[in-house]
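Fold and geometry: a report
The chain contents come next:
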Amino acid sequence: MFKSKIKLNFYPMQLIIAAIMILLPMTIILQRITGIDLFDYLDEVWSIFCIVYVFIAAIQRKINRSDIVFLVVLVVTEFIALLGNIIFGICKDWFAIAVDALSLFKVFLPFIVMKYIGQKDKQMFIAKYMLPFAKLLVLASTLFGILTELGFAHMYKAEERYGLKAFFFIFDSEPRFGYIIACCMLVILLVEKSRSKEIIYSVLCIFNMVLTTKGSVYMVFICYIGFLILWRKQSKMTAIQALPLALVATAASTLQINTYLKDAQSPRMLFLKYGFVTANKYFPLGSGFATYGSDMAKRVYSPLYYEYKFNKVYGMSQKRDMFLTDNYFAMIFGQFGYIGTALFGVLMVIMFRTINNINIYKRAKALTLAMLIGLLISSLGSAIIKMNIGVLCVSLMGLACGYSNHEVNKESSSTRLRIHL
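Small disclaimer: the values here were computed from a predicted structure and weren't measured.

1. Details of helix H3 (residues 65–88)
- Here H3 contains 24 residues, and its C-alpha end-to-end distance of 35 Å stays within 8% of the 34 Å for a straight helix at 1.5 Å per residue.
- Turning to H3, its buried residues number three or more, namely Asp67, Phe70, Leu71, Val73, Leu74, Thr77, Glu78, Ile80, Ala81, Gly84 and Asn85.
- Those residues of H3 that are buried are in contact with helix H2 (42–59), helix H4 (94–120) and helix H13 (328–356).
- Downstream of H3 by one or two residues, Gly89 has phi in the positive range, about 60°.

Set out below in structure tokens:
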């Protein structure tokens, strides 16, 4: 086991934030073990905290001008969807509408809040508190990953892809596990000062991501490696660099996209098709919250699903609803319409530019940007971006932005090759 040289002081607020970040992925296990659904609502609780944080900061005029633009666009996007609810009246359950409205905040507000929290965490204690857990998880998952491939771990009912047994460790889903490992890798890159340990853990993380056999996860480490190649002399994405990376990303994601969409009658393809139908029918506002493709639309079983005859499709009926949230982009297009979708794109561009302009350790920045791209690609076939793992990813991406300019000694200290066994 590697010994850490990092000395941790006790800072209650940073420790609480770190504990929340650790608990976000662990709620999957806690819910399964205990059967208590409340564990699954930690991301909602965290999002409500973020809303309160932003509200207080706005009253105290502590929000930067650039972030005010971001928040205004977010609020306008929410308002457009609510206007769709009021005008078209498809969903009349206002509790479902309110919960669904919160899900959009979950995607963006943790990014802003953690950026501000990270700016105040000058010694990067949040990441340092998370570091032992991140390393332990990577080591444990690597061990069980190897055992699974060798056929010794019979606890996993893993299907084979590319000659590998699809591996998800203890998290019930390969994509979830892949993004959890990416988060562990980001924490390690942010605060690990030993260059040798950083390399070893990075290799182990990529090994675990490979074992997921999921194209959306592969996109994370492919983009990460691509950025490192492109950023040999600088650490900022340019328009010229974007073209070759986009070509590689498109080629690497082709199999994943084909798997999602090649069957015209697959749930994902149906959702995408009728997302356009919904956006056109309720032009230009969209059908509103809790009406199409969201978790709340599934729970109240939207009238649109009967209209589109989803109730007769396996996995999309009210009793068998496992595929009713399988395309996040279709949900955005259907519920938010043309205007809301355009504003959603603006929010993503602002996030991309924010990450692209930060000044942190090159490898940490490359992974942060790669995670954002991976989440966007995943949104074509899942709603992971608004689930607890997505909230974790967005939160840590914001934390990385908050740590901009904090780690002045990272580059120099990382050049020393030392391994402590």
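2. As for the packing of helix H5 (residues 125–150) against helix H7 (residues 195–211)
- Relative to each other, H5 and H7 sit at 45°, their axes nearing to 10 Å. Between H5 and H7, the crossing angle belongs to the class labelled oblique. In this structure, the crossing between H5 and H7 has a hand that is left-handed. Side by side, H5 and H7 meet where Lys135, Val138, Leu139, Ser141, Thr142, Gly145, Ile146 and Glu149 of the first sit next to Lys197, Tyr201, Leu204, Cys205, Phe207, Asn208 and Leu211 of the second.
- Grouping the constituent residues of the contact of H5 with H7 by class yields 8 nonpolar, 4 polar and 3 charged.

3. Quick notes on the environment of Leu190
- Note that Leu190 resides in helix H6 (residues 174–191).
- For the pair Leu190 and Lys362, spaced 172 residues apart in the sequence, the C-alpha separation amounts to 9.7 Å.

4. A closer look at the packing of aromatic side chains
- A full pass over the atoms with the stated rule returns 30 aromatic pairs.
- With 5.5 Å between their ring centres and 85° between their planes, Tyr274 and Phe310 make a pair best called edge-to-face. Linking Tyr274 in helix H10 (residues 267–281) with Phe310 in the loop between helix H12 (303–307) and H13, this pair joins segments that are 36 residues apart in sequence. The residues Tyr274 and Phe310 share a single accessibility class, namely buried.
- Aromatic pair Phe333 and Tyr338: ring centres 5.0 Å apart, planes at 70°, arrangement edge-to-face.
- By relative accessible area, Phe333 is classed as buried at 14%.
- An aromatic cluster is present here, built from Phe271, Tyr274, Tyr292, Tyr301, Tyr305, Tyr306, Tyr308 and Phe310 joined pairwise through their rings.
- The positively charged end of Lys128 is found above the aromatic ring belonging to Phe125, 5.4 Å away from the centroid.

5. Some remarks on a nonpolar patch on the surface
- On the surface, Ile48, Val52, Phe55, Ile56 and Ile59 cluster together into a nonpolar patch covering about 490 Å² of accessible area.
- Structurally, Val52 is set in helix H2.

6. Focus: the pattern of salt bridges
- In the structure shown here, the tally under the stated rule is 9 salt bridges.
- A salt bridge links Asp67 to Lys115; the nearest nitrogen and oxygen atoms lie 2.8 Å apart. With a gap of 48 residues between them, Asp67 in helix H3 and Lys115 in helix H4 connect regions that are remote in the sequence.
- A relative accessible area of 8% means that Lys115 is categorised as buried.
- For Lys298, the salt bridge identified is with Asp295, shortest N-O distance 3.8 Å. Here Lys298 and its partner Asp295 are both found in helix H11 (residues 295–300), 3 residues apart, which amounts to about one turn of the helix.
- Among the residues examined, Asp295 registers a relative accessible area of 23% and is labelled partly exposed.

7. Quick word on H5
- For H5, built from 26 residues, the straight-helix expectation of 38 Å at 1.5 Å per residue is met to within 8% by its first-to-last C-alpha distance of 38 Å.
- Along its length, H5 reaches its greatest deviation from straightness, about 35°, at Leu131, and the proline Pro132 lies no more than four positions downstream.
- Following H5 by one or two positions, Gly151 adopts a phi angle in the positive range, close to 90°.

8. Some points on the environment of Ala57
- Along the chain, Ala57 falls in helix H2.
- Residue classification places Ala57 among the buried positions, given a relative accessible area of 8%.
- Along the sequence, Ala57 and Val113 sit 56 residues apart, while their C-alpha atoms lie 9.7 Å from each other.
- Among all residues touching Ala57, those that are not within four sequence positions of it are Lys62 and Ile63.

9. Let's talk about unusual backbone geometry
- The residue after Phe283, namely Pro284, is reached through a cis peptide bond having omega -5°.
- Tracing the backbone through its elements, the reader meets Pro284 in the loop between H10 and H11.
- Positioned with a positive phi, Tyr301 is a non-glycine residue whose angle comes to about 45°.
- In the Ramachandran plot, Lys309 falls in the positive-phi region, its phi being about 65° despite a non-glycine side chain.
- Its place among the elements puts Lys309 in the loop between H12 and H13.

Cut-offs used in this document
Position numbers for residues count from 1 along each chain, tracking the sequence in the order it is written. Selection of residues for local features in this predicted model requires a pLDDT of at least 70, selection of side-chain atom pairs for listing and counting requires 80 or more, and totals for whole chains, interfaces and linings are taken over all residues. Computation of side-chain values: all heavy atoms of the structure, hydrogens and water removed. Each helix corresponds to a stretch of at least 4 residues labelled H or I by DSSP, and each strand to a stretch of at least 2 residues labelled E; elements are numbered beginning at the N terminus. In this scheme, a helix's expected span is set at 1.5 Å multiplied by one less than its residue total. A simple rule labels every residue: compare its accessible area, found with a 1.4 Å probe on the protein chains alone, to the largest value its type can have, and call it buried under 20%, exposed over 50%, or partly exposed in between. In what follows, a contact means two residues having at least one pair of non-hydrogen atoms within 4.5 Å. Only C-alpha atoms enter the line fits that serve as axes; for helices the fit covers just the stretch in contact. Angles between N-to-C directions range over 0 to 180 degrees. Angle categories are assigned with fixed cut-offs, so that under 35 degrees is roughly parallel, over 145 is roughly antiparallel, 65 to 115 is roughly perpendicular, and the rest are oblique. Note on convention: the crossing is left-handed when the near helix lies turned anticlockwise from the far helix by less than a right angle, right-handed when the turn is clockwise. When residues are sorted by character, Ala, Val, Leu, Ile, Met, Phe, Trp, Tyr, Cys and Pro go into the nonpolar class, Asp, Glu, Lys and Arg into the charged class, and all the rest, Gly among them, into the polar class. Aromatic pairing here means that ring centres of Phe, Tyr or Trp (its six-membered ring) are within 6.5 Å. Orientation follows from the plane angle: under 30 degrees is stacked, over 60 is edge-to-face, and everything else is tilted. Comment: the charge-over-ring label is applied if NZ (Lys) or CZ (Arg) is within 6 Å of the ring centre and within 35 degrees of the ring normal. Two distance rules govern patches: like charges are joined within 9 Å, and nonpolar side chains (Val, Leu, Ile, Met, Phe, Trp, Tyr) within 5 Å, applied only to residues with over 30% relative accessible area and no salt bridge. Here the open area of atoms and residues is found with the Shrake-Rupley method and a 1.4 Å probe, where only the protein chains shown may cover a residue. Any carboxyl oxygen of Asp or Glu within 4 Å of a side-chain nitrogen of Lys or Arg constitutes a salt bridge here. In this scheme, the bend at a residue equals the angle between the axes fitted to the seven residues that finish there and the seven that begin there.

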